[in-house]
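# Working through the structure, step by step
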Amino acid sequence: MSPPPEETREARHRRLWESDHRHLWHPFTQMQDWLLEEPVVIDSADGVYLVDTLGNRYLDGCSSLWCNVHGHRVPEVDRAVAEQLGRVAHTTLLGLASTASIECAEELVRVAPPNLTRVFFSDAGSTAAEIALKMAYQHFQLRGEPDRKEFVAIHGGYHGDTIGSVSIGGIDLFHRIFKPLLFPVHQAPQPYCYRCPLGRTWPGCETACAAEVERVFESHPGRIAALVVEPVMQGADGMIAQPPGYLRRMRETCDRHGALLVCDEVATGFGRTGTMFAVEQERVLPDIMTVAKGLTAGYLPLAATLTTERIFESFLGPFESRKTFFHGHTYTGNPLACAAAVANLRLFRERRVVEGLAAKADLLARELAPLASHPRVGEVRQRGLMVGIELVRDRATKEEYPYEARAGHQVTLEARRRGAILRPLGSVVVLMPPLGMAADELCELARITRESIDAAVARLG
């Protein structure tokens, strides 16, 4: 009996995307629309390029959802994961220690703000945020301040999709429907200078949005456990860049009122804003910091919640005191993920990645500069290699495109035709290339972005 004929590339592609349509439910995706489209099916990768099942190559302009760092198939990270696989793939941290998790914690503390000395591992940004909330709450309960049960968050913030992380989130489109499930949080105005919710103009406003955070604390004396903030750039709400000094004001406000400052560096950490962590840009030391995404260079799910020694000590006591932090995950400190993270962090050092980011950020800014006067671009917001390009129907009035126009999505479709993967956030086009992207590749990504915007808005009118 002869073997079946070899499947053609086109036949394989069709089989896969039809199977996708039968079985998969994609995140943040209107599936009715998805089922009407033939998807790009990523099959492999090469450096900063993704390759689909038809052999088409695309610049990975969004770092595979903001997590890829050095590119794909990095030999040093590949080798570290393979070597760890040769020892043990997974073992628990409940009642046991593990070599990989210890080494990962050492490397992480080495690059973290100097006051953060304790590492609690989990598997995603959402879980890292949940842990931060529970730690902050329990810290004050154990310290004899039982009234500190409340949290302050910034409107437009995004900290994940679990119930606790959604409670401190502030993106109405994502979170409104779940409101009955959430615990109450004090929401402060968003530091969105282009569309200021207070109707003010920076710098003449003297950062009035920061003063509003102060007022929240003043109106709830002795009741705030923590303020949760994405430092420097609010990512998921459209790359909203905070005005200079805003984060420093948040630190000072927490200090005056005896609350903890929780900095969510899931998106901004590991070089994205030009420094290893965004808090460094205003010399802020958070009490708790959450990280994920770039921690493993985009290889495997791993997150961490870092805290000060003082917070850690709140949980110390004899067994019968029950001061234990009763929280954990099956894959906490997974050795494969920790091995990838160790290799990633060592590459940061060996390749002097952070030191080279300023030149790359300047190059990208220059290449995107023509968009600053584009009639359908309201604002280009950039911090390091995090970029948000806000599309508008009318530049003079800041009139937005209607939701149903899917303006950002139209740009991403044009970019795919030209060989790049971008990610829209409503009418904001996001660029967050891998830190390892070379100068010529950054120029190519910027060119594709400019051309894609031109083509999309010409069709939208």
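Before any of the text, the structure's been laid out above.
All values derive from a computational prediction rather than experimental measurement.

### Thoughts on the pattern of salt bridges
The tally for this structure, following the rule as stated, stands at 27 salt bridges. Notably, a salt bridge pairs Asp-33 with Arg-406, separated by 3.5 Å at the nearest N-O pair. On the criterion of sequence distance, the pair formed by Asp-33 in helix H2 (residues 31-34) and Arg-406 in the loop between strand E14 (386-391) and helix H14 (407-418) is long-range, its members being 373 residues apart. Across the pair Arg-459 and Glu-414 runs a salt bridge, and its minimum N-O distance is 2.6 Å. Of this pair, Arg-459 sits in helix H15 (residues 439-460) while Glu-414 is found in helix H14, placing the two residues 45 residues apart along the sequence. For Arg-459, a relative accessible area of 47% corresponds to the partly exposed category. Looking at Glu-414, the relative accessible area reads 8%, which means it is buried.

### Structural notes on unusual backbone geometry
Looking along the chain, the bond that leaves Trp-202 and enters Pro-203 is cis, with omega of 10°. On the secondary structure map, Pro-203 appears in the loop between strand E6 (186-188) and helix H9 (208-218). The backbone of Leu-65 shows a phi angle near 65°, a positive value even though the residue is not glycine. You can see Leu-65 is positioned in helix H3 (residues 63-66). Taking the relative accessible area as the measure of exposure, Leu-65 reaches 45% and is therefore partly exposed. Within the chain, Trp-66 stands out as a residue other than glycine whose phi angle is a positive 70°. Structurally, Trp-66 can be placed in helix H3.

How each quantity is defined
- Residues numbered from 1 in each chain as written.
- Predicted model: local features only at pLDDT ≥ 70, side-chain atom pairs only at ≥ 80, totals over all residues.
- Heavy atoms only, no water.
- Salt bridge = Lys/Arg side-chain N within 4 Å of Asp/Glu carboxyl O.
- Helix = DSSP H or I, 4+ residues; strand = E, 2+ residues; numbered from the N terminus.
- Buried < 20%, exposed > 50% of the residue type's maximum accessible area, 1.4 Å probe, protein only.

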